[in-house]
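Observations on chain architecture
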Amino acid sequence: SEDELVEDVAKTAARIAAGPPLVNRWHKKFLRRLQRDPALTEADHDEHYLSFETEDYRSGYRAFLDKTDPKFVGR
């Protein structure tokens, strides 16, 4: 039903908003980029891996291992 759809969309938006802000920013950037040209460049691939060097990545990884909720700070 339409009410269920609205509820699902709200839950999905809340889950995304609670995620790491840098990765959300990168995802939006890549989605816009892929709409223009689906072929990714080597620079696009390299930029993707920058997320592994962030404080948020380390926090999320540690929280996953510890089975706790991560605290993302946007760094």
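This write-up is about the structure you can find in this document.

Cut-offs used in this document
- Residues numbered from 1 in each chain as written.
- Predicted model: local features only at pLDDT ≥ 70, side-chain atom pairs only at ≥ 80, totals over all residues.
- Heavy atoms only, no water.
- Helix = DSSP H or I, 4+ residues; strand = E, 2+ residues; numbered from the N terminus.
- Expected span 1.5 Å × (residues − 1).
- Buried < 20%, exposed > 50% of the residue type's maximum accessible area, 1.4 Å probe, protein only.
- Axes fitted to C-alpha atoms, helices over the stretch in contact; angles between N-to-C directions.
- Parallel < 35°, antiparallel > 145°, perpendicular 65-115°, else oblique.
- Left-handed = near helix turned anticlockwise from the far one by under 90°.
- Contact = heavy atoms within 4.5 Å.
- Patch = residues over 30% accessible without salt bridge, like charges linked within 9 Å, V, L, I, M, F, W, Y side chains within 5 Å.
- Areas by Shrake-Rupley, 256 points an atom, 1.4 Å probe, with all protein chains shown as cover.
- Salt bridge = Lys/Arg side-chain N within 4 Å of Asp/Glu carboxyl O.
- Lys, Arg positive; Asp, Glu negative; His and termini not counted.
- Charge placed at Lys NZ, Arg CZ, Asp CG, Glu CD.

**A few points about helix α1 (residues 2-17)**
- End to end, α1 covers 22 Å across 16 residues, agreeing with the expected 22 Å (1.5 Å per residue, within 8%).
- Counted residue by residue, α1 has zero buried out of 16 residues, so it is predominantly exposed.

**Things to note about the packing of helix α2 (residues 21-36) against helix α3 (residues 42-49)**
- Taken N-terminus to C-terminus, the directions of α2 and α3 make an angle of 165°; their axes are 11 Å apart at the nearest point. Our classification of the angle between α2 and α3 gives roughly antiparallel. As for the relative orientation of α2 and α3, their crossing is left-handed in sense. Contacts between α2 and α3 involve W26, K29, F30 and R33 from the former and D44, E47 and H48 from the latter.

**Here's the deal with the environment of A18**
- You can see A18 is positioned in the loop between α1 and α2.
- In this structure A18 comes out as exposed when scored by relative accessible area, which is 55%.

**Description of a negative patch on the surface**
- Side chains of E2, D3, E4 and D8 sit close together on the surface and give a patch of like negative charge.
- Summarising the element assignment, D3 is placed in helix α1.

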